[in-house]
Each structure stands twice: as C-alpha cells, then as structure tokens.
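Coordinate analysis (summary)
What follows is each chain in one-letter form.
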2 protein chains.
Amino acid sequence: MQRKQVLRKLAFLGLIGLIGASAALTLTSLALPQVRAQDPLPSWNEGPSKQAIVSFVQKVTDKSNPAYVPPADRIATFDQDGTLWVEHPLYAQAMFALERVHELAAKRPEWRTEQPFKAVLANDREAIARFTEQDWAKIIGATHAGMTTEAFHDIAQEWLGRARDPRFKRPYTELAYQPMLEVMQYLRANGFKTYIVTGGGQEFVRVYSEQVYSVPPEQVVGSSIATKYEYQDGKPVLMRLPKVFFIDDKTGKPMGINLFIGKRPLAAFGNSGGDREMLEYTGAGPGARLMMLVLHDDAKREYAYGPAEGLPDTKVGTFSQALRDEAKKRGWVVISMKNDFKKIFAWE
Amino acid sequence: MQRKQVLRKLAFLGLIGLIGASAALTLTSLALPQVRAQDPLPSWNEGPSKQAIVSFVQKVTDKSNPAYVPPADRIATFDQDGTLWVEHPLYAQAMFALERVHELAAKRPEWRTEQPFKAVLANDREAIARFTEQDWAKIIGATHAGMTTEAFHDIAQEWLGRARDPRFKRPYTELAYQPMLEVMQYLRANGFKTYIVTGGGQEFVRVYSEQVYSVPPEQVVGSSIATKYEYQDGKPVLMRLPKVFFIDDKTGKPMGINLFIGKRPLAAFGNSGGDREMLEYTGAGPGARLMMLVLHDDAKREYAYGPAEGLPDTKVGTFSQALRDEAKKRGWVVISMKNDFKKIFAWE
C-alpha cells in the first residue's frame, strides 16, 4: 500500500510481435497434441525455470524421496503485483486510488489546493511519481476508509468491472500472467495450498482473488487498515479507519506469513525487493525449497524494467542488481519473461 | 490474552455420577446400534440444541432450500476456552504462563520483589485472581516473548506434553468437549471450514489445534504479539517481542474474522461476553445462521459458573445474565452442558 516508486515509466510500448508469437503457438499445439495434453505448464518454454518447478514438485510429492513433504505442509506463497499480473506503469490498486480521488473531489473542494490531492487532480504525473509513503497513506486514507467493509467491497468490485488498463485496453483482472496461473494450478493439483502474499491491500485483492487466481479470500495475506466494530441502525458493521494496521511488504511478508498461515512456505514467488525477505524465510527451512523471481525483460510483450533496463536500480521495491546478486548466491531461480514465458496472457 | 477475571473459583468438584452415566451410555449404544451409526452427534442428548444444529446444517446444504449456501461460504467459528475445552479454574495458557514464571525465576532474582511476579512466585491465588490486564501483559511479555517463533512452539509443545489439569489429572489436550468435537466434524463433513477464534494466544493454540480439534494452524485466529524479522548466524528468524499486536476478543473477534478469513461466518459458537460481538456479527448476515453459547451448568461432570451459579455476573468475559438475555432476544441457542451433553470427554 505504501510502496515507493509506485510510478515507473509511463511509456506504453507497442504490440509488435504478438501476432507472430500467437501463430507459432498454434502450430506447436497442432504438432504436439499428446505432449501438450500431459504438460501441466503449457505456457512455459522448456528451460531451467520450468525444469526447476517440475523437479521441485516431483521431489516433495514423492513418498520415496527424502525431500517428501506431507500435503498439510505444502504451502506456496505468491507476491501479486509484477509476479502474478502487470504492475507497470502503475499497479491496479494505485489506479483505483487515484481515480477515486477524482470521483470524490466534488465533495472535497479543499483538495484543489491541498497536496497530495492537488497533484492527483491536476494529473501531474511527475509529482505523483515523487509521492512519499506519507502521501500515499493520505490517499489511501481518503479513498479506502470511511465506509463499511462491505461497502468497500462493492466500490472496488464496481471499479474493477469498468476500469481498463491504458495499454492493453482490458480489465485489470485479465492481466494475470498465464504461466503463473499454470504454476498455481499445478501446485494445487499436487496438494499445495496457494496463498497470495501482497504488499497491496488485502481487502482489495480479496475482491477478485477467487475469480482471477482461484485463491479464496482467506488465502490472501496483504496490507490492511484498522477496522472498528460499531452499530448502524442496530446492525453491527466493521468500519474501515484511515489508519494503517499492517504493512505486508519486505520484512512484513515473513511476519504476515507467520501471522496468517503459521507455516513456513515450501515455495515462494516474487519479483522485487519487497519479496526478498519472503524468499529468504522460505529458503531458510530444511529440505527442498523453491524460490523464484519474475524478471521483467520483455519490452515487446509486456515491459522491461529493473536490471533488464541495463541500468543499476538500487531503489527498494524493485528488482535491483543487488537482488539479482542475492538470487544467484542463494540459488533462487530468475524467471525471464522473454525466454521462459511462451505466452504471457490467456487471451493472446 | 489480556482477559479479565482469568481466575475463578479454585474449588475442585468431585467426579460423582460419572461412573453411572458411563454405564448408561454403554447400554444405549448396545440397544440402538443402527441409530447411533447414523447419528453424527452421538454424544448429544436429543433436545433443542442438537435439533438446532442438525436442522441448520440440513437447510444450508440442501440445494432446493432457499437458505442453501455454497461450500466456499460455509464458515463456522469456535471460541476455544470454555467453548471447546475446559477453562476452569484457570485456562491452560494462563497455567503455562504462571508455571513459566516459576521456571524462569532462577535467572530473574528481581522478580522476588517485583509485582506481578512476586505474587506468582508466592502462589498467592488471591492476588493472581485480582491481576489487571497490565499485570497479565507483563507476565505474557516475560514468558511468551524473547525467543524465535520456532523456539516458542517447542517450549509450548514440551509443556503441553507434561502439564496436567489439577482436577482431571490429564493433559489439557484431553480436556476438549467430545460433543463440540462432533459438531466440528459434522460441519466439516458437510463442507464447512471450521475456525478457532480465540482470545487466547494464536501461536499457543496452533501448537495443538490439529491434534485436538483437527483444525490446521492456518485456521486458528487468536491474539498475537508483534514479531521482528532478523538474522541469527546468517539465518532469518522471527523474534517474538513483548508487545501486543492484536487482541482477538470482544469487538476484536469480528475484526479478526474479517482480517483472517474475509467472510462472515454462517455459524458461531461461544460461551462468554468475549464472544458476544462474534455472535452478533454472524447473526447479522442474511439467510440461515446458527449462534450457540455453551452454558457451564454441570458442577458434577465439569463446572457451574456464570448465571448457572445463581448469581448475577456482570463482569466482562463471563456468561452474564445480560448475555443470556441477549441470547434469548436474538434467538441464540444456549447449550446446557448438563442437559445437552450425553458425555463431556472422549475418555469418560
């Protein structure tokens, strides 16, 4: 919720190459129907990333393997933004917050002169890109609080139904990465419980987690604001307060995992410095573990940022060179979207 | 964790009547083998409480009934102390905390003159009975913090293995109410997810929740202290801090349910003022709902306290007359342990 560098480059890149890739896929599926029918990860190219996933699952589910783990302890955790779906140039919940500022502005005339609202209302992208955690906290407080939990659910659901990503011109809920959905499904088919562990708002993600990821609300761990139990017309409700309760990012991720799940994950997937501690915590357990980082290196089909831009990126919350170095040192597998993803979106 | 009136009467009552009841049970099971084989609640006497449970489950699982609820939304929440197992005269976690004060005292000479530790070390039951929330917070901080989450798990598990309830002379983990275990199992067999929602310590209850209740750690919602992510010899750990993070009691129960589960329960079970808001919140949803309160009115087989003592009990955290009045008004079902429970413990 309060994450730095929320806004990255606003340049929208073209769709060149998608049509060709799509045609190639069709030929492959015609040529190898039997292999594809058995393949649990059809949207992955053969390579070390796909191999790491399959080999890990085989190990921990094979009773004769010393790395075998009983189903109750098969926990896999996934960061959301940038790991399961598009976060660039601005992740969906931030778009939701900014658009709500515009929608609510008529009743808040003071926002025309009050920062950070003034910058949002002026669509000042430069200023928005420089927002501090405090600025975002003010925006979240103004747009995500002051209603019941049920009213917030309805507001978010209504927005998700009509909002469209500026580049792909599709609902955000269609911007999940097909290969990652396949990993989640493959893990579940092998007795894993899949969790989303996101720095984003827990109640926001819960609105669509079942629909998009087949992950029920109770398996979404995220950042949250405080609530207050009170009575409205004699009916008990939970009011959302403009007060941060828990930030599920960086060191908050292992804390949130311990708090909500109470078990150490066997597998964890992320894409940025916000996921570093989750992967470290996962990897510190005994036996076979799988830690993976999604690298955004496909400027044609999606985006290229972080070390893929060829620039050292030392800011927290991004896939910095330091994170890439740690991945190498600890044996975390870096997923190249360009090379490992045969297909990025289901609708391609 | 910080609950008032933790210590109630310390008088341990006799086991008179148990042998006779046990003999009667054996005869019943011989006489009606077929009926018993089909009965999902064999430790319940026929009556309005058992009828309410069966009727509710039939309604919400029958697709032709307007009250039908799909499995994903079948959530049932259970308070623990006094609802699922014995809490009298002192609940197990409080015994654990007090015994740990004795065990740690050798290394803390200052405790001999410092309250509340001095009273604990002197076994001053009168003083312990008067402990404030602040006193208990100090004791929890001194006994439940300062170690990793894994070390705490081992400490609690070791204690649970050797501790014995003073009256029943059995491990606390054998003091679960058999009829309530049957309700949990019956609900799960009908597609419900069963959760423990306790004012007690989440990490303490998680140690034995699977073994005692067949509830996995991730379905235990409770009070918690803060943790800190740090490295010990290069290995990441979560250290438990002497700082309250969340109190899952009273208004905290619906807040905790929303936070951890994100769905309103269809059924909720409690036994005290700490459960009032959980039952109100459950009952405020549409369609068929089941709210039940366990009344401790069986001084012979277990204990009698709250309104069963014949005294108005206005203290928070107990089954007061006011709570009984609210139950009547809202149609909550009061379970009489004396009349509704054919058998109380599995080992009877």
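Glancing now at the sheet that holds strand β4 (residues 235–246) of chain B. All names here are of chain B. Strand order in this open sheet of seven strands is β4-β3-β2-β1-β5-β6-β7, and the pairing throughout is mixed. The open sheet has two edge strands, β4 and β7 (333–336), and neither has a second partner. Here the strands of the sheet are splayed against their neighbours by 30° on average, with no regard to which way each runs. When strand β3 (residues 220–232) meets β4, the two strands line up antiparallel, connected through eight bridges. By the bridge assignment for β4, tyrosine 231 is matched with proline 236.

This part takes up empty space enclosed by the protein. A complete count under the given rule lists nine cavities of 30 Å³ or more for this structure. The volume enclosed by the largest cavity comes to roughly 170 Å³. Around the largest cavity, the lining comprises 19 residues; the ones closest to its centre are Glu203(A), Ser224(A), Ile225(A), Thr227(A) and Leu259(B). Top element by residues in the lining of the largest cavity is strand β3 (residues 220–232) of chain A. It accounts for five residues.

Our next topic: the packing of helix α12 (residues 252–260) of chain B against helix α13 (residues 276–283) of chain B. All names here are of chain B. Where α12 contacts α13, the axes come no closer than 7 Å and their chain directions differ by 55°. Judged on the interaxial angle alone, α13 and α12 are oblique. For the pair formed by α12 and α13, the contact residues are Lys253, Pro254, Ile257 and Asn258 on the first element and Glu277, Met278 and Tyr281 on the second. Among the residues forming the contact of α12 with α13, the class breakdown is four nonpolar, one polar and two charged.

Residues and elements named next belong to chain A. Judged by pairing direction, the sheet is mixed, and its seven strands sit side by side in the order β4-β3-β2-β1-β5-β6-β7 without closing on themselves. At either margin of the open sheet sits one strand with a lone partner, and together these are β4 (235–246) and β7 (333–336). Strand-to-strand, the axes of this sheet are offset by a mean angle of 30°, without reference to chain direction. In this sheet, β7 lies alongside strand β6 (residues 290–295) in parallel orientation, the contact comprising four bridges. Each bridged residue has a counterpart across the sheet, and for leucine 295 the counterpart in β7 is serine 336.

Okay, the interface of chain B and chain A next. Listed as interface residues are 34 residues of chain B and, on the opposing side, 34 residues of chain A. The three residues of chain B that bury the most area against chain A are Glu218(B), Tyr229(B) and Leu259(B), which together make up 21% of that side's buried surface. Across the chain B-chain A interface, the total number found is six salt bridges. Note that Glu150(A) is salt-bridged to Arg264(B), the shortest N-O span being 2.9 Å.

What follows is about the layout of surface pockets. Roughly 730 Å³ of internal volume is contained in the largest pocket. By residue number, the principal contributor to the lining of the largest pocket is helix α8 (residues 149–162) of chain A, which donates five residues. Taken together, the residues that form the lining of the largest pocket break down as nine nonpolar, six polar and 10 charged. Space inside the second largest pocket adds up to approximately 620 Å³. Gly262(A), Lys263(A), Arg264(A), Glu150(B) and His153(B) are the residues nearest the centre of the second largest pocket, which is lined by 26 residues in total. Taken together, the elements giving at least two residues each to the lining of the second largest pocket come down to α8 (149–162), α10 (202–206) and α11 (209–213) of chain B.

It is worth spelling out helix α12 (residues 252–260) of chain A at this point. When you tally the buried positions in α12(A), you get nine out of nine residues, the bulk of the element. In the stretch just after α12(A), Gly262(A) is the one whose phi turns positive, near 75°.

With that settled, the discussion passes to the pattern of salt bridges. This structure, assessed with the given rule, holds 34 salt bridges over all chains. One salt bridge connects Arg240(B) with Glu203(B), and the closest N-O pair in it is separated by 3.2 Å. Remark: Glu203(B) occurs in helix α10 and Arg240(B) occurs in strand β4; sequence separation between them is 37 residues. A residue is classified by how much of its surface remains accessible, and Glu203(B), at 16% relative accessible area, is buried. When salt bridges with common partners are traced through the structure, they connect Asp39(A), Glu46(A) and Lys50(A) into a single cluster.

Among soluble globular proteins, nonpolar side chains are generally buried collectively. In terms of nonpolar packing, the biggest core is built from 76 residues, with Phe56(B), Phe78(B), Ile139(B), Met180(B), Tyr208(B), Tyr213(B) and Phe269(B) touching the most fellow members. When residues of this core are assigned to their parent elements, the largest contribution, seven residues, is made by helix α4 (residues 92–104) of chain B. When neighbours within four sequence positions are excluded, Tyr213(B) is seen to be in contact with Gln80(B), Leu84(B), Trp85(B), Ala176(B), Leu181(B), Met184(B), Arg188(B), Ile196(B) and Tyr208(B). Counting residues in each nonpolar core, the second largest holds 75 residues, with Val54(A), Val69(A), Ala267(A) and Leu290(A) among its members.

Now for the relation of the copies chain B and chain A. Least-squares fitting of chain B to chain A yields an RMSD of 0.0 Å, with the transformation described by 0.0 Å of translation along the axis and a rotation of 180°. Taken together, the turn and the small shift mark the pair as related by a two-fold rotation axis. It is Phe260(B) whose C-alpha, among those of chain B, lies nearest the rotation axis, at 3.3 Å.

For any pair of aromatic rings, geometry is given as the distance between the ring centres together with the angle between the planes. The final tally for this structure, using the stated rule, is 46 aromatic pairs over all chains. Consider the rings of Tyr177(A) and Phe341(A), whose centres lie 6.3 Å apart with planes at 50°: the pair is tilted. Placement of Tyr177(A) in the loop between α8 and α9 (178–189) and of Phe341(A) in the segment after α15 (337–340) is noted, with a sequence separation of 164 residues between them. What makes Tyr177(A) buried here is its relative accessible area of 0%. What makes Phe341(A) buried here is its relative accessible area of 1%. Between the aromatic rings of Phe246(A) and Phe245(B), the centroid separation amounts to 6.1 Å while the plane-to-plane angle is 80°, which identifies the pairing as edge-to-face.

This part takes up the side chain of Lys263(B). Assignment of secondary structure puts Lys263(B) in the loop between α12 and β5 (267–270). Engagement of the side chain of Lys263(B) in a polar contact is seen with the backbone oxygen of Ala72(B), the distance being 2.7 Å. Excluding its chain neighbours within four sequence positions, the residues that come into contact with Lys263(B) are Pro216(A), Pro217(A), Glu218(A), Ala72(B), Asp73(B), Ile75(B) and Ile257(B).

It is worth spelling out the pairing of β6(A) at this point. Side-chain direction in a regular strand flips from residue to residue, so the side chains alternate between the two faces of the sheet. All names here are of chain A. For β6, a buried count of six out of six residues is recorded, marking the element as mostly surrounded by other parts of the structure. Neither face of β6 is exposed, since Leu290, Met292 and Val294 on one face and Met291, Leu293 and Leu295 on the opposite face are all buried. In the sheet, strand β5 (residues 267–270) pairs with β6 via four bridges, with the strands oriented parallel. Among the inter-strand pairings, glycine 270 is bridged to a residue of β6, identified as leucine 293. Chirality of the crossover, the property in question, places the unit of β5, helix α13 (residues 276–283) and β6 among those that are right-handed.

Right, let's get into the confidence of the model for chain A. All names here are of chain A. Per-residue confidence for chain A gives a mean pLDDT of 89, with 86% of residues at or over 70. In this model residues 1–33 is a low-confidence stretch, pLDDT under 50, and it forms 65 contacts with partners more than four residues away in sequence or in other chains. Confidence drops under pLDDT 50 across residues 311–317; counting only partners more than four residues distant or on other chains, this segment forms 13 contacts.

Procedures and definitions
- Residues numbered from 1 in each chain as written.
- Chains lettered and ligands numbered in written order.
- Predicted model: local features only at pLDDT ≥ 70, side-chain atom pairs only at ≥ 80, totals over all residues.
- Heavy atoms only, no water.
- Pairing = 2+ DSSP bridges.
- Helix = DSSP H or I, 4+ residues; strand = E, 2+ residues; numbered from the N terminus.
- Axes fitted to C-alpha atoms, helices over the stretch in contact; angles between N-to-C directions.
- 1 Å grid on protein atoms, 1.4 Å probe; cavity = no way out; pocket = protein on both sides within 12 Å on 5 of 7 lines; lining within 4 Å.
- Points joined across faces, edges and corners; volume = space filled by probe spheres on them.
- Parallel < 35°, antiparallel > 145°, perpendicular 65-115°, else oblique.
- Contact = heavy atoms within 4.5 Å.
- Nonpolar A, V, L, I, M, F, W, Y, C, P; charged D, E, K, R; others polar.
- Buried area = accessible area lost by both parts, 1.4 Å probe.
- Salt bridge = Lys/Arg side-chain N within 4 Å of Asp/Glu carboxyl O.
- Buried < 20%, exposed > 50% of the residue type's maximum accessible area, 1.4 Å probe, protein only.
- Core = buried A, V, L, I, M, F, W, Y, C linked by side-chain atoms within 4.5 Å.
- Least-squares fit on C-alpha atoms with pLDDT ≥ 70 in both.
- Phe/Tyr/Trp six-rings, centres within 6.5 Å; stacked < 30°, edge-to-face > 60°.
- Polar contact = N/O pair within 3.5 Å; in protein donor to acceptor, adjacent residues only side chain to side chain.
- Right-handed = clockwise from strand over helix to strand, strands pointing away.
- pLDDT = per-residue confidence, 0-100.

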